[in-house]
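# Working through the structure, step by step
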Amino acid sequence: MNILKIIVLGSGSIIPTKYRFSTSFLIEYSMGRILLDIGPGTIEKLRRMNVHPNSIDRLFITHFHLDHTLDLPALIKIRMFNELGGANKNPRILDVYGPTGLMSFIDKLSSINGVYGYLSEMMRNLDFLRIHEIGGGLVEDLKNLKVYAASVEHYNGLAYRLEVDSVTIAYSGDSTYDERMIKLAESVDILIHECSFPKELLLGKHTSDEELVEIGRRTKPKLLVVNHLYPAWEGREEELEDKLRKDTGCRVYVVKDMDVIYV
Ligand SMILES: [Zn+2]
Ligand SMILES: [Zn+2]
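All values reported here derive from a predicted model rather than from experimental measurement. All residue numbers here refer to positions counted from 1 along the written sequence of the relevant chain. Ligands are numbered from 1 and chains lettered from A, in the order in which they are written. It should be noted that, the model being predicted, local features are given only for residues of pLDDT at least 70 and side-chain atom pairs only at 80 or more, the latter also being counted only at that level, while totals for whole chains, interfaces and linings use all residues. Only hydrogens and water are set aside when side-chain values are computed; all heavy atoms of the structure are taken into account.

### Some points on the pairing of strand S5 (residues 94-98)
- Each residue gets one of three labels from its accessible area relative to the maximum for its type: buried under 20%, exposed over 50%, partly exposed in between, using a 1.4 Å probe on protein chains only. Only DSSP runs of H or I reaching four residues or more are called helices, and only runs of E reaching two or more are called strands; each is numbered from the N terminus. For S5, the buried fraction is high: 5 of the 5 residues fall into the buried class.
- In this sheet, S5 lies alongside strand S4 (residues 58-60) in parallel orientation, the contact comprising 3 bridges. If you follow Arg58 over to S5, its bridge partner there is Asp95.
- Pairing of S5 with strand S6 (residues 129-133), which is carried by 5 bridges, proceeds in the parallel orientation. What sits directly across from Tyr97, in S6, is His132. At least two DSSP bridges between two strands are needed for those strands to be called paired.

Here's what the structure looks like:
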């Protein structure tokens, strides 16, 4: 039997703390490797995990904030080379999924007049990026991988639900308390949800611990994985985990960077 592996590459915000930095998760399953978001530090964390970026098959982007996307240009550039640093004549296709605006986002990075315009010619010749600008509903249906998406309240944000091998995983990206997320995540095996701030310090379009209790109670995941912690949580992780466990009745795991979850 295949074991599904979830590697926490980034579990924090844009502000680095002792154990956390910007968001990314790697899922290894029977058919390949999937990245959820690609914040700064993702490539370095892959290196530390001995995973070459050229081995990633699919990337699901929740939204375009830089703590979720900054390593994308690096991933594109790396893809142009083989593992010995020579030209990659036949790069593996990289499927990139994301909300409306994904095409123009990548275009602004790598078209001839883009920020990294020097990549454009090589990319045109190689043509290895497959860009999927998606809305809600079923967005991918492959052997051992079905993916659903839903809009959530966070700057054109998407959340995902993946049915991967026989495991269901929902991933909030950044979001407020949102009914659409709750519907998407109903009865999943694993819910990866942000919990940026304690209730009394909640800022912006994010989720607090109090709100996450309600989300956990309503969606009833077998495991609640808590991420996107701002520095306000530093040193309070155990308290957060205990509270969520007690108040939701779920198994709860407040993750830090480089944690590995075997399913
Ligand atoms: Zn954000
Ligand atoms: Zn974020």
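Structure shown, so let's carry the discussion forward.
### Thoughts on the coordination of the zinc ion (ligand 2)
- Coordinating N, O and S atoms are those within 2.8 Å of the metal (3.2 Å for Na, K and Ca), and as water is not part of the atoms, a site may appear to have fewer donors than expected. The coordination sphere of the zinc ion (ligand 2), as far as protein atoms go, consists of Asp67 (OD), His68 (NE2), Asp174 (OD) and His228 (NE2), spread over 2.1 to 2.2 Å.
- Irregular is the label for any site that misses the other tests, which are tetrahedral for four donors with all angles between 85 and 135 degrees, and square planar for four donors or octahedral for six when opposite donors exceed 155 degrees and the remaining angles lie between 65 and 115. The site at the zinc ion (ligand 2) holds 4 donor atoms, and with the angles between them running 91 to 162°, its shape is irregular.
- Between the zinc ion (ligand 2) and the zinc ion (ligand 1), both coordinated by Asp174, there is a metal-metal distance of 3.5 Å. Placement of the pair is Asp67 in helix H2 (residues 66-69) and His228 in the loop between strand S12 (223-227) and helix H8 (237-248), with a sequence separation of 161 residues. There is no split in this pair, since Asp67 and His228 are both buried.

### What to know about the coordination of the zinc ion (ligand 1)
- The protein atoms donating to the zinc ion (ligand 1) are His63 (NE2), His65 (ND1), His154 (NE2) and Asp174 (OD), with metal-donor distances spanning 2.1 to 2.4 Å.
- Considering all 4 donor atoms around the zinc ion (ligand 1), the spread of angles at the metal, 90 to 164°, places the coordination shape in the irregular class.

### Digging into the packing of aromatic side chains
- Classification of ring pairs uses Phe, Tyr and Trp, with its six-membered ring standing for Trp, and accepts pairs whose centres are within 6.5 Å; under 30 degrees between planes counts as stacked, over 60 as edge-to-face, and the remaining range as tilted. Enumeration over the complete set of coordinates arrives at 5 aromatic pairs.
- Each ring, one from Phe25 and one from Tyr171, has its centre 5.7 Å from the other, and the planes form 65°; the classification is edge-to-face. Here Phe25 is found in strand S2 (residues 24-29), whereas its partner Tyr171 is found in strand S10 (residues 167-171), with 146 residues between them in sequence. Taken individually, Phe25 and Tyr171 each receive the classification buried, so the pair is uniform in this respect.
- On the numbers, 5.2 Å between centres and 65° between planes, the contact of Phe60 with Tyr160 is edge-to-face. In this pair, Phe60 sits in strand S4 while Tyr160 sits in strand S9 (residues 157-164), placing the two residues 100 residues apart along the sequence.
- You can call Tyr160 buried: its relative accessible area is 0%.
- An aromatic cluster is present here, built from Phe60, Tyr97 and Tyr160 joined pairwise through their rings.
- As a reminder, the over-ring test applies to NZ of lysine and CZ of arginine, requiring each to be within 6 Å of the ring centre and within 35 degrees of the ring normal. Seen from the ring of Tyr155, Lys205 lies directly overhead, with NZ or CZ sitting 4.9 Å from the centre.

### Here's the deal with the sheet that holds strand S1 (residues 5-10)
- In spatial order, the strands read S6-S5-S4-S3-S2-S1-S14; together these 7 strands make up an open sheet with mixed pairing. Every interior strand has two partners, whereas the edge strands, S6 and strand S14 (260-262), have only one. Averaged over neighbouring strand pairs, the angle between their axes works out to 20° when direction is ignored.
- Across 5 bridges, S1 lies against S2 in antiparallel orientation. Residue pairing across strands places Ile7 opposite Leu26, the latter belonging to S2. Inter-axis angles, ranging from 0 to 180 degrees, are taken between N-to-C directions of lines fitted to C-alpha atoms, where helices are fitted over the stretch in contact.

### Quick word on H8
- End to end, H8 covers 16 Å across 12 residues, agreeing with the expected 16 Å (1.5 Å per residue, within 8%).
- Every buried residue of H8 is accounted for by Glu237, Leu240, Glu241, Leu244 and Thr248. On an axial view of H8, the arc spanned by its buried residues comes to 95°, and they lie on one face. Set apart from the buried face of H8 by more than 90 degrees, the exposed residues are Glu238 and Lys246.
- On its buried face, H8 is in contact with helix H7 (209-219), S12 and strand S13 (251-254).
- Phi turns positive, to about 80°, at Gly249, one or two residues after H8. Take the residue count of a helix, subtract one, and multiply by 1.5 Å to get its expected span. It is the directions from the helix axis to the C-beta atoms whose arc is reported. By definition in these notes, contact holds between two residues if any of their heavy atoms fall within 4.5 Å.

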